[in-house]
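So you can see what is in the structure, the chains are spelled out below.
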There are 2 protein chains.
Amino acid sequence: MILEAVRKSHAHPSAEQIYLEVRSRSPRISRGTVYRNLNLLSEMGEVRRLDMPGAERFDWRREDHYHLRCTVCNRVCDAPVAYQHALDQAVTEETGFRIQGHRMMFEGVCPRCAKKKQIPAADGECPAAGEEPDGERE
Amino acid sequence: MILEAVRKSHAHPSAEQIYLEVRSRSPRISRGTVYRNLNLLSEMGEVRRLDMPGAERFDWRREDHYHLRCTVCNRVCDAPVAYQHALDQAVTEETGFRIQGHRMMFEGVCPRCAKKKQIPAADGECPAAGEEPDGERE
DNA sequence: TTGTCTGCAAAATATTTGCAGGGAA
DNA sequence: TTCCCTGCAAATATTTTGCAGACAA
């Protein structure tokens, strides 16, 4: 059920958002269970974890890909750039690390925030997908 | 003094590590002051902030560059890959975001952890620089 | 004096964990 | 019964903040 919640929301939700979503359908669920299962799911590779300032986010997509984050409203969407396997190879050879992969996060201001010059309310979408902003960070 | 501490430690220290370092020289300093000044310094661009699971890390280098993290001991070092400005350009054009830049974090197992199969003690160095491991994460 | 910065402690946020109970095998 | 998973609450960990005092301009 938690896995479904992550997969259904393509908005890279935080653990708290997933908790709220699941609770709306199963009101007795606890945060502990959500965190425990998100950890399990990410270890199993069913969901992907995004390191972000403030709180982790989760991604339903299992393939390697990059992300794009608005530094104003904190919304995250997928970046239109192909994963560069060649870099992993290069770093492996140069460092001796057993490279598992890499993460890339683009940062900038989304079109909406650029216009509004203010933190937007709580709706809206990425250039090509429905996402939910946060409106938190300064 | 806090800026010096970050610059002196080329090991991408956490706020706590910086606090301990500064306190060893100025025992009356408080965590609040360290956090406040790290935030100031990163806003001024004097230090760089690294988003990591668990806790933020700080980097004295001001130029754009990538990082490499051992998923076992949690040590971080600089990655031997040049920053790809072309990607920022591409994402700007494709998304309409006002791109400020991107972060890249390679992940893998460092040579020492690969050998020891265990979390190493508290010494050691990156392939080419002295760094301090964490030995925290599972 | 006025404004800025600090130490201290409490608060806020995010996540993990101990424990007893419930349900499935 | 046994084992695993859950809810609940307390505990951790990290970072921020309110406040009163110290220091410099």
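This one's a predicted model, so the numbers in the text were calculated from it and none came from an experiment.

(A) Spatial organisation of the protein's contact with DNA strand C. In the vicinity of DNA strand C, 13 residues are found, and the nearest of them are Tyr35(A), Glu56(A), Arg28(B), Ile29(B) and Thr33(B). Backbone sugar and phosphate groups make up 74% of those atoms of DNA strand C lying within 4 Å of the protein. Contact between DNA strand C and Ile29(B): a phosphate oxygen at 3.3 Å from a main-chain N or O atom of the residue. Looking at the surface near DNA strand C, the elements that each hand over two or more residues are helix H3 (31-44) of chain A together with helix H3 (31-44) of chain B. The element contributing the most residues to the surface near DNA strand C is H3(A), with 4 residues. The class makeup of the residues in the surface near DNA strand C is 3 nonpolar, 6 polar and 4 charged.

(B) Spatial organisation of the relation of the copies chain A and chain B. Of the two same-sequence chains, chain A is brought onto chain B (RMSD 0.1 Å, axial shift 0.0 Å) by a rotation of 180 degrees. What the rotation and shift describe, once combined, is the action of a two-fold rotation axis. Rotation axis and chain A: the residue whose C-alpha lies nearest the axis is Met104(A), separated from it by 2.2 Å. Of all interface residues in chain A, 100% are interface residues in chain B too; the two copies therefore contact each other through one and the same surface.

(C) Representation of the interface of chain A and chain B. The interface of chain A with chain B comprises 34 residues on the first partner and 34 residues on the second. Here Arg103(B) makes a salt bridge to Glu107(A), at a shortest N to O gap of 2.7 Å. Here chain A is connected to chain B by 12 residue pairs in polar contact (both at pLDDT 80 or more). Elements with a contribution of two residues or more to the side of chain A that touches chain B: strand S3 (67-70), helix H4 (85-95), strand S5 (98-109) and helix H5 (111-116) of chain A. Take the side of chain A that touches chain B: its biggest share by element is 12 residues, from S5(A). Taken together, the residues of the side of chain A that touches chain B sort by class into 18 nonpolar, 8 polar and 8 charged. As defined by bridge partners, S5(A) adjoins strand S5 (residues 98-109) of chain B across 11 bridges and the pair is classed as antiparallel. Within the sheet, the bridge partner assigned to His102(A) lies in S5(B) and is Phe106(B).

(D) Layout of the nonpolar core. Of all hydrophobic cores here, the largest spans 34 residues; its most connected members are Leu68(A), Phe106(A), Leu68(B) and Phe106(B). Every element with two or more residues in this core is listed here: S3, H4 and S5 of chain A together with strand S3 (67-70), helix H4 (85-95) and S5 of chain B. Excluding residues within four positions of it along the chain, Phe106(A) makes contact with Tyr66(A), His67(A), Leu68(A), Arg69(A), Ala79(A), Val81(A), Leu87(B), Asp88(B), Val91(B), Ile99(B), Gly101(B) and His102(B).

(E) View of the domain arrangement of chain A. Residue and element names in this part refer to chain A. You can read the domains of chain A as domain 1 (1-62) and domain 2 (63-138). With both sides pooled, the region where domain 1 packs onto domain 2 buries about 1,400 Å², and carbon together with sulfur makes up 41% of that total. On the domain 1 side of the interface with domain 2, the three residues burying the most area are His 12, Arg 57 and Arg 61, jointly 33% of the side's total. Taken together, domain 1 and domain 2 are joined by 4 salt bridges. A salt bridge links Glu 63 to Arg 61; the nearest nitrogen and oxygen atoms lie 2.8 Å apart. For the interface between domain 1 and domain 2, the tally reads 9 residue pairs in polar contact (both at pLDDT 80 or more). When residues of the side of domain 1 that touches domain 2 are traced back to their parent elements, those giving at least two are strand S1 (48-50) and strand S2 (57-59). In terms of residue count, the dominant contributor to the side of domain 1 that touches domain 2 is S1 (3 residues). For the side of domain 1 that touches domain 2, the per-class residue count stands at 4 nonpolar, 4 polar and 7 charged.

(F) Spatial organisation of the pattern of salt bridges. Taken as a whole and assessed by the stated rule, the structure comprises 24 salt bridges over all chains. Notably, a salt bridge pairs Glu21(B) with Lys8(B), separated by 3.0 Å at the nearest N-O pair. Residue Glu21(B) is found in helix H2 (residues 15-25), and its partner Lys8(B) is found in helix H1 (residues 2-8); the two are separated by 13 residues along the sequence. Residue Glu21(B) is classed as partly exposed on the basis of its relative accessible area, which comes to 25%. The exposed category is assigned to Lys8(B), whose relative accessible area is 54%. A salt bridge links Arg62(B) to Glu46(B); the shortest N-O distance between them is 3.5 Å. On the criterion of sequence distance, the pair formed by Arg62(B) in the loop between strand S2 (57-59) and S3 and Glu46(B) in the loop between H3 and strand S1 (48-50) is long-range, its members being 16 residues apart. On the basis of relative accessibility, which here comes to 18%, the residue Glu46(B) falls in the buried class. Connected through salt bridges with shared partners, the residues Asp51(A), Arg103(A), Arg69(B) and Glu107(B) form a single ionic network.

Procedures and definitions
Residues numbered from 1 in each chain as written. Chains lettered and ligands numbered in written order. Predicted model: local features only at pLDDT ≥ 70, side-chain atom pairs only at ≥ 80, totals over all residues. Heavy atoms only, no water. Near = heavy atom within 4 Å. Polar contact = N/O pair within 3.5 Å; in protein donor to acceptor, adjacent residues only side chain to side chain. Helix = DSSP H or I, 4+ residues; strand = E, 2+ residues; numbered from the N terminus. Nonpolar A, V, L, I, M, F, W, Y, C, P; charged D, E, K, R; others polar. Least-squares fit on C-alpha atoms with pLDDT ≥ 70 in both. Contact = heavy atoms within 4.5 Å. Salt bridge = Lys/Arg side-chain N within 4 Å of Asp/Glu carboxyl O. Pairing = 2+ DSSP bridges. Core = buried A, V, L, I, M, F, W, Y, C linked by side-chain atoms within 4.5 Å. Buried < 20%, exposed > 50% of the residue type's maximum accessible area, 1.4 Å probe, protein only. Domains from an automatic or database assignment. Buried area = accessible area lost by both parts, 1.4 Å probe.

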